[in-house]
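Commentary on secondary and tertiary structure
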Amino acid sequence: MRLRKFYERWEHEQGVNMVILQGAGGVFSVGADVKELYKSGMEGNFEACKEFFKDLYNLVYVLGTYRKIQISMIDGLAVGAAYTLSSFSHFQLVTERAAFSSPETRIGFHPDAGTSFVLSCLKGSFGEYLALTGEKLDMTDMIMTRLAQNPVQAERIPEILHQLRSLDTNDEEVVRNIVEIFHDGIEVDPDSFLHREEAINRCFSLDKVEDIIYALEAEAAGTDYAWYRDVLDNMRAASPLSQKLALKSIRMARQESLAETLKREYRMSCRAIAGNISKDFYEGVRAHLIEKDHDPKWSPSYLEMVSDEMVDAYFEPFENEAEELDLPTSEREGIYGAEDIKDDISDQAAHLEGKKEVQGVRESDEDILNWAVGVSHNLRT
């Protein structure tokens, strides 16, 4: 709520040329306080949960249709919807300490607050892969998948900030020239999933989660690829229902505007919190954040038990359980922003392809991420 008030005020304030969003304490953001949502939901205070989602999704919409230059600096972990706060920036600066993950299916939820929209814009089937596996990305991964555009060295952030703050212009090209002065090289880790792009596109483009798993199993058979085993382990550790919700959500987002995606995600989030169809959100948070036994008992427990009707129920317009999400669409129509991403994202990192002259070493953020990914075999430190 505070961020939205600030952004809306700055948008109309003369003398404000750009807004810089930066994390504090070595982490960009680990997302919403899901323990607080868990507590409110368990107490039956669903209205508080709905209000939270309304505030968050409205903030995302404002950021996605913002009139002034936005710059994000990710120098640490950015999880799920927290990353979305940076995703609509004109410039996304990421350091060697940056990391991203979309681990919502591990806690029985879904990629929300515009995350399905952002993931749907990635090339090939990377969006489906990241949502279904919760893979943790480092700086190079983020650049090469086009989740970010501008690699920089962490030690140069104070210098970058000084240069940006000294500008008295809203000329995007001037800002771009400053940012590119600090451009750092990248080098793809030999173990990165980026080397499996063809396999990812082959498997994760299939129609159903079951088909994706069958394809991964078939390709892993007769090989010693630990990658296939790790991917399958990660998928099997997630909520079967959430897996199917995430897959459908990302594919619907490819045909939607940001506003349409946020309104649909709001329905999904409200129904996940209400727990009338499944209580997987409460079980996932209990297992990974409350009791920390990391042994959730999903219901339904198998993909084959998750019916199309059950999945579709999360996407249907509300009848009596809630009002649809209200976004300021009429006030913000025609503003360049998120609605243009589907046209522009293919060009975001094109100039970075092949620039691999410096290898970054990322600090491990596993202790912060453990709640979501559990004992993941393929986290790289």
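The structure reproduced in this document is the subject of the present report. Small disclaimer: the values here were computed from a predicted structure and weren't measured.

A short note on the overall build of the protein
Within the protein, the secondary structure is distributed over 19 helices and seven strands. Evaluated residue by residue, the protein yields a buried proportion of 57% over its 381 residues. Put simply, 77% of the contacts in the protein that link residues at least 6 apart link residues at least 24 apart.

With respect to unusual backbone geometry
Cis geometry marks the peptide bond from Ser299 to Pro300, where omega comes out at 0°. Locating Pro300 in the fold gives a position in the loop between α15 (280-290) and α16 (308-315).

Observations concerning the sheet that holds strand β6 (residues 137-138)
Within a beta sheet, neighbouring strands are joined by backbone hydrogen bonds and run either parallel or antiparallel to one another. Strand order in the open sheet made by the three strands is β3-β5-β6, with mixed pairing throughout. Each edge of the open sheet is held by one strand with a lone partner, namely β3 (77-79) and β6. With two bridges connecting them, strand β5 (residues 99-101) and β6 associate as antiparallel partners. What sits directly across from Phe100, in β6, is Leu137.

So, the packing of aromatic side chains
Within the structure shown, the criterion is met by 18 aromatic pairs. Between the aromatic rings of Tyr129 and Trp227, the centroid separation amounts to 6.2 Å while the plane-to-plane angle is 25°, which identifies the pairing as stacked. Placement of the pair is Tyr129 in helix α6 (residues 126-133) and Trp227 in helix α12 (residues 226-237), with a sequence separation of 98 residues. Residue Tyr129 is classed as buried on the basis of its relative accessible area of 0%. Overall, Trp227 belongs to the buried group, its relative accessible area being 9%. Each ring, one from Tyr266 and one from Phe318, has its centre 6.0 Å from the other, and the planes form 90°; the classification is edge-to-face. Of this pair, Tyr266 sits in helix α14 (residues 258-274) while Phe318 is found in the loop between α16 and α17 (329-332), placing the two residues 52 residues apart along the sequence.

Quick look at the packing of α6 against helix α13 (residues 240-253)
Interhelical geometry of α6 versus α13 gives an angle of 155° and a closest axis separation of 9 Å. With respect to α13, the element α6 is oriented roughly antiparallel. The element α6 and its partner α13 pack so that their crossing is right-handed. Contacts between α6 and α13 involve Gly127, Glu128, Ala131 and Leu132 on the former and, on the latter, Gln243, Ala246, Leu247, Ile250 and Arg251. When grouped by side-chain class, the residues that make up the contact of α6 with α13 number five nonpolar, two polar and two charged.

With respect to α12
Between the first and last C-alpha of α12 there are 16 Å, a value that for twelve residues agrees with the 16 Å anticipated at 1.5 Å per step. Looking at the buried positions of α12, the neighbouring elements they touch are α6, α10 (197-204), α11 (209-220) and α13.

Quick word on the pattern of salt bridges
The final tally for this structure, using the stated rule, is 21 salt bridges. Put simply, Glu8 and Arg4 hold a salt bridge, and the shortest N to O gap is 2.9 Å. Of this pair, Glu8 and Arg4 both sit in helix α1 (residues 2-11), separated by four residues, roughly a single helical turn. By relative accessible area, which is 24% here, Arg4 ends up partly exposed. The shortest N-O distance in the salt bridge between Lys248 and Asp312 comes to 2.5 Å. Pair noted here: Lys248 is in helix α13 and Asp312 is in helix α16, with a separation of 64 residues, a long-range link. Because the salt bridges share partners, they merge into one network encompassing Glu283, Arg286, Glu291 and Asp293.

What to know about the packing of α13 against α14
The contact between α13 and α14 brings their axes to 10 Å, and the two run at 165°. The orientation of α13 relative to α14 falls into the category roughly antiparallel. Like other packed secondary-structure pairs, α13 and α14 cross with a definite hand, here right-handed. Here Leu245, Ser249, Met252 and Ala253 of α13 lie close against α14, whose contacting residues are Thr261, Arg264 and Met268. Each residue belonging to the contact of α13 with α14 can be placed in one class, and the counts come to four nonpolar, two polar and one charged.

Comments concerning the nonpolar core
Ranked by internal contacts, the top residues of the largest apolar core, which has 92 residues, are Met142 and Phe204. Per element, the largest residue contribution to this core is nine residues, and it comes from helix α3 (residues 46-64). The contacts of Phe204, once residues within four sequence positions are left out, are Ser125, Glu128, Tyr129, Leu132, Thr133, Ile212, Leu216, Val231, Met235 and Arg251. In terms of nonpolar packing, the next biggest core, distinct from the first, is built from 15 residues, Phe91, Ile157, Leu164 and Val175 among them.

Rules used throughout
Residues numbered from 1 in each chain as written. Predicted model: local features only at pLDDT ≥ 70, side-chain atom pairs only at ≥ 80, totals over all residues. Heavy atoms only, no water. Helix = DSSP H or I, 4+ residues; strand = E, 2+ residues; numbered from the N terminus. Buried < 20%, exposed > 50% of the residue type's maximum accessible area, 1.4 Å probe, protein only. Contact = heavy atoms within 4.5 Å. Pairing = 2+ DSSP bridges. Phe/Tyr/Trp six-rings, centres within 6.5 Å; stacked < 30°, edge-to-face > 60°. Axes fitted to C-alpha atoms, helices over the stretch in contact; angles between N-to-C directions. Parallel < 35°, antiparallel > 145°, perpendicular 65-115°, else oblique. Left-handed = near helix turned anticlockwise from the far one by under 90°. Nonpolar A, V, L, I, M, F, W, Y, C, P; charged D, E, K, R; others polar. Expected span 1.5 Å × (residues − 1). Salt bridge = Lys/Arg side-chain N within 4 Å of Asp/Glu carboxyl O. Core = buried A, V, L, I, M, F, W, Y, C linked by side-chain atoms within 4.5 Å.

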